[in-house]
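Working through the structure, step by step
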Amino acid sequence: MKPWCNCDICRNYLSMSWASEFGNLCDWYTYLLRKSPTGTIHVHVLGNTITCNAQNVEYMLKTHFDNYPKGKPFSTILGDLLGRGIFNVDGDSWNFQRKMASLELGSVAIRSHALEIVTEEIHTRLIPFIASAARGERNRIVDLQDILRRFSFDNICKFSFGLDPCCLQPLLPVSDLAVAFDTASKLSAERALTASPAVWKIKRLFNVGSEKKLKEAINVVNKLAEEMINKRKEIGFTARKDLLSRFMSLINDDKYLRDIVVSFLLAGRDTVAAALTGFFWLLSKNPQVEKLIRDELDRVMKPVQELASFEQIREMHYLNAAVYESMRLFPPVQFDSKFAKEDDVLPDGTFVRKGTRVTYHPYAMGRMERIWGPDCLEFKPERWLRDGVFVPESPFKYPVFQAGARVCLGKELALVEIKSVVAALVRRFDIRVVREITEPRFVPGLTATVQGGLPIQVYERQH
């Protein structure tokens, strides 16, 4: 990391002159990566090498995985929030949690339990709320992003803690845990944007500004986690299905338990809501895709059926393609960073010095003509289909769920949740985005959050 650099990229980054032409930092990076012959750029003042080269991604996440851990700088940035959770550690601790989580999330019992939670939340809260908005006063506008965040937060809290925060109620109550979690995620992510870590470390030392707010937010999360762990100890946890109860039978360290479950809370809440927000943004602009999804839903589901079964969702190839396509353009996690343990050379010839931050950029990769062809900016589910059957792409070309040894363990659970929501809403409602801008603006955070939300109007379909 250099305190100052006079190259064009660093000068534009430090002066923020890029903002006069691009609404988002990720769009400016996409522009720079598109211009780069290798698909790799350097932001020297951040000590960051950024790539959209699929060969580099495979090299980092698979071929030379051991040289690209999360690294101490990243662990320090998120350490106050995630502690020793799976997304913030390497080595033995990561291996242990990975094996434990893989065993739990891969079990039929856990997957069935997760689908039951999602189905109940859709039936008892999401559909009634959207139906109420459709029948309400004329031209009523609701923020779909907020509704989806509430929906996914209820789900992941029930799944992780066995706790129902009741965020998606008719009056949209304020949840102290949800607010604290949002604040902690946002402020933790902003640490990574500072030109020097000394800035936020000094603020933390003196407990001022954003670091004071971060500490207060994390205290709220910690207090609730402590209460839930103590409650489980009192009532017993052997017969319960939530992740906290299942992990308590394997781990006798309350702080470690808190770190693990908070990591799952982060993964399951924000990513699902972000994926669905991007999906409905694109669907509102592409009615031909919406029609084809409805045709498939009508073909697979019964005429008066409200919710699709797991078996039916597996038959919906076009819906699956549309979900994958929306995350190609709007990945819930726009970039991911590792730190080089030793000097190295990436497949495109880029030299990486020991300690350098190396970032692969799924958001930019989804917008690269060299990867996806001349129609890369189009929302086109058909690119995932062969004779009507969904065919996945290489995860290194499409690293939305990471790839290699760190591939997302909750991928299948998340996809079922996303497709269950889409099937339930698209079949019954017309959802139309009312904002008059061509592309969303994102706020700083660990996951993609649209600035100002996603204002929509809802109309109940006539059958």
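Throughout what follows, the structure given in this document is the object of discussion. Keep in mind the model is a prediction, meaning the values are calculated, not measured. (Residues numbered from 1 in each chain as written. Predicted model: local features only at pLDDT ≥ 70, side-chain atom pairs only at ≥ 80, totals over all residues. Heavy atoms only, no water.)

1. What to know about the side chain of serine 185
As for its position among the elements, serine 185 is in helix H8 (residues 176–191). On the basis of relative accessibility, which here comes to 6%, the residue serine 185 falls in the buried class. For serine 185, the contacting residues outside a window of four places in its chain are Leu81, Leu266, Asp270 and Leu446. (Helix = DSSP H or I, 4+ residues; strand = E, 2+ residues; numbered from the N terminus. Buried < 20%, exposed > 50% of the residue type's maximum accessible area, 1.4 Å probe, protein only. Contact = heavy atoms within 4.5 Å.)

2. Here's the deal with the pattern of salt bridges
Taken as a whole and judged by the stated rule, the model has 39 salt bridges. In this structure, arginine 125 and glutamate 121 form a salt bridge, with 3.4 Å as the shortest nitrogen-oxygen distance. With arginine 125 and glutamate 121 both in helix H6 (residues 108–135), this residue pair falls four residues apart, about one helical turn. Glutamate 121 shares its class with arginine 125; the two are buried. Arginine 191 is paired through a salt bridge with glutamate 211; the nearest N and O atoms lie 2.7 Å apart. Here arginine 191, found in helix H8, pairs with glutamate 211, found in helix H10 (residues 209–235); they are 20 residues apart in sequence, far enough to count as distant. Salt bridges linked by common partners bring Arg84, Asp253, Lys255, Arg258 and Asp259 together as one network. (Salt bridge = Lys/Arg side-chain N within 4 Å of Asp/Glu carboxyl O.)

3. A closer look at the state of the cysteines
All told, the structure shown has zero disulfides when counted by the stated rule. Among the cysteines around cysteine 7, which has no disulfide bond, cysteine 10 carries the closest sulfur, lying 3.5 Å off. Since its relative accessible area comes to 23%, cysteine 7 is described here as partly exposed. Residue cysteine 166 stays outside any disulfide, its sulfur separated by 7.9 Å from that of cysteine 167, the closest cysteine. (Disulfide = S-S within 2.5 Å.)

4. Thoughts on helix H15 (residues 317–329)
For H15, spanning 13 residues, the distance from its first C-alpha to its last is 19 Å, which sits close to the expected 18 Å at 1.5 Å a residue. With respect to burial, H15 is a largely interior element, 12 of its 13 residues being buried. (Expected span 1.5 Å × (residues − 1).)

5. Describing the sheet that holds strand E2 (residues 48–51)
Taken in spatial order, the four strands make up an open sheet running E1-E2-E7-E4, and their pairing is mixed. Edge positions in the sheet fall to strand E1 (40–43) and strand E4 (336–339), since each of these pairs with one other strand and no more. Shown here is a sheet whose adjacent strand axes are inclined to one another by a mean of 25°, direction ignored. Pairing geometry for E2 and strand E7 (residues 357–360), over four bridges, is parallel. Residue pairing for E7: isoleucine 50 is matched across the bridge by threonine 359. (Pairing = 2+ DSSP bridges. Axes fitted to C-alpha atoms, helices over the stretch in contact; angles between N-to-C directions.)

6. As for the nonpolar core
Within the largest apolar cluster, 103 residues are counted, with the highest numbers of intra-cluster contacts made by Tyr29, Leu126, Ile130, Phe280, Ile293 and Leu425. Contact partners of isoleucine 130, with chain neighbours within four places excluded, come to Leu144, Ile147, Leu425, Phe429 and Val458. Counting 47 residues, the second largest nonpolar core, distinct from the first, contains Leu82, Ile218, Leu244 and Leu265. (Core = buried A, V, L, I, M, F, W, Y, C linked by side-chain atoms within 4.5 Å.)

7. Let's talk about the pairing of E4
Strand residues, when the strand is regular, have side chains that alternate between the two faces of the sheet. Of the two faces of E4, the one holding Asp336 and Lys338 and the one holding Ser337 and Phe339 are both buried throughout. With four bridges connecting them, E4 and E7 associate as antiparallel partners. Residue aspartate 336 lies in a different strand from E7, and its bridge partner there is tyrosine 360.

8. What about the sheet that holds strand E13 (residues 455–460)?
Taken together, three strands build an open sheet; the order of strands is E3-E13-E10 and the sheet is antiparallel. This sheet does not close on itself; its edge strands, each paired only once, are strand E3 (142–143) and strand E10 (429–433). As paired elements, E10 and E13 share five bridges and run antiparallel to each other. Counterpart to isoleucine 431 in the pairing with E13 is valine 458.

9. A closer look at the pairing of E2
Side-chain alternation along E2 places Asn48 and Ile50 on one buried face and Thr49 and Thr51 on a second face that is also buried. Relative to E2, E1 runs antiparallel, the two being bridged by four bridges. Pairing of valine 43 across the sheet is with asparagine 48, part of E2. Counting the residues between successive antiparallel strands, the hairpin from E1 to E2 contains four residues, one of them, glycine 47, with a positive phi of roughly 60°.

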